[in-house]
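Here are the chains, one letter per residue:
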Amino acid sequence: MIPIRDDQPRFSTPYLNNFLIGLNLLVFLFESVLDPASLKALLFQFGVIPSHVTALVAGTGRYQPAAVLIPFFTSMFLHGSWMHVIGNMWFLWIFGDNIEDHLGHFTYLLFYLLSGVVAAMTQVALDPGLRVPTVGASGAIAGVLGAYFILYPKARVLTWFPPIFFFHLPAWIMLGYWFVLQFLSGAASSIAYSSQTSGGIAFWAHVGGFVAGVVLIKVLPERPQRYRYAAW
């Protein structure tokens, strides 16, 4: 089930959303030219490694706080594959512009970063022994989806059901299904047993980011003078 476009109008140009998409793509282009050893070093330095966070909280002294905490932000701009980054940026392109329109540029940036941090913290809390880096904008984008779910539940989303079917679905159905799928996948796989030395999909980060978006969109103020004109 892949979203193609939505019909929710916006009233401003999504400069920041476009910038985030461009930045993520540029960072991945940089990743793509690295040799495997350099790429691994980059991901381990700037990705969130839950076992390192656990060790820091436990006060072991093995890791410097900056080396453990800065990746909560940098990991949002790293991706593991072309499919990973393209999928994330596609969702951000469809749903992010309306959230930026609602919040305004600066508040949207704050919202995006906070959603990503909460998402990473959720993954750490539920998979504290993971020894490989978690990377990607999925947690922050899950926050965008959570906000969209609250603000525009009746917006219609043209959705592709491969290989040939297309349907318009209310956003609450599509995004609600996505959230339930992430929650059930996290609960069923609970990758703590198998992910100690290998990667996987950070389902709990998606769940945490979505919930963060639901909460933050109720707390953060709406952009003033929003309804001056409609932009598509």
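Just so we're clear, the structure is a prediction, and the values are computed from it rather than from any experiment.

What counts, and where the lines are drawn
- Residues numbered from 1 in each chain as written.
- Predicted model: local features only at pLDDT ≥ 70, side-chain atom pairs only at ≥ 80, totals over all residues.
- Heavy atoms only, no water.
- Phe/Tyr/Trp six-rings, centres within 6.5 Å; stacked < 30°, edge-to-face > 60°.
- Helix = DSSP H or I, 4+ residues; strand = E, 2+ residues; numbered from the N terminus.
- Buried < 20%, exposed > 50% of the residue type's maximum accessible area, 1.4 Å probe, protein only.
- Core = buried A, V, L, I, M, F, W, Y, C linked by side-chain atoms within 4.5 Å.
- Contact = heavy atoms within 4.5 Å.

Peer 1: Would you mind going over the packing of aromatic side chains with me for this structure?
Peer 2: How two aromatic rings sit relative to each other is set out by the distance from centre to centre and by the angle between their planes. Per the stated rule, a full pass over the model turns up 12 aromatic pairs. Seen in terms of ring centroids, Tyr108 and Tyr112 are 6.4 Å apart; in terms of plane orientation they differ by 55°. Their pairing is tilted. On the criterion of helical spacing, the pair formed by Tyr108 and Tyr112 is a turn pair, its members being 4 residues apart in helix α7 (residues 105–126). The residues Tyr108 and Tyr112 share a single accessibility class, namely buried. When the ring of Phe149 is compared with that of Phe210, the centres are 5.8 Å apart and the planes differ by 55°; the resulting orientation is tilted. Residue Phe149 is located in helix α8 (residues 138–151), and its partner Phe210 is located in helix α10 (residues 203–219); the two are separated by 61 residues in the primary sequence. We classify Phe210 as buried; its relative accessible area is 5%. Taken together through their ring pairs, the aromatic side chains of Phe91, Phe95, Tyr148 and Tyr152 make up a single cluster.

Peer 1: Explain the nonpolar core to me, please; I cannot follow it from the model alone.
Peer 2: Burial of nonpolar side chains together is a common tendency in soluble globular proteins. Of all hydrophobic cores here, the largest spans 44 residues; its most connected members are Leu92, Phe95, Ile99, Tyr108, Phe111 and Tyr112. Counting residues per element, the ones that place at least two in this core are α1 (15–32), α6 (82–103), α7, α8, α9 (171–189) and α10. Per element, the largest residue contribution to this core is 8 residues, and it comes from α6. In contact with Ile99, other than residues within four places in its own chain, are Tyr108, Phe111, Val144, Ala147, Tyr148, Leu151, Tyr152 and Ile217.

Any link to function would need more than the numbers given here.
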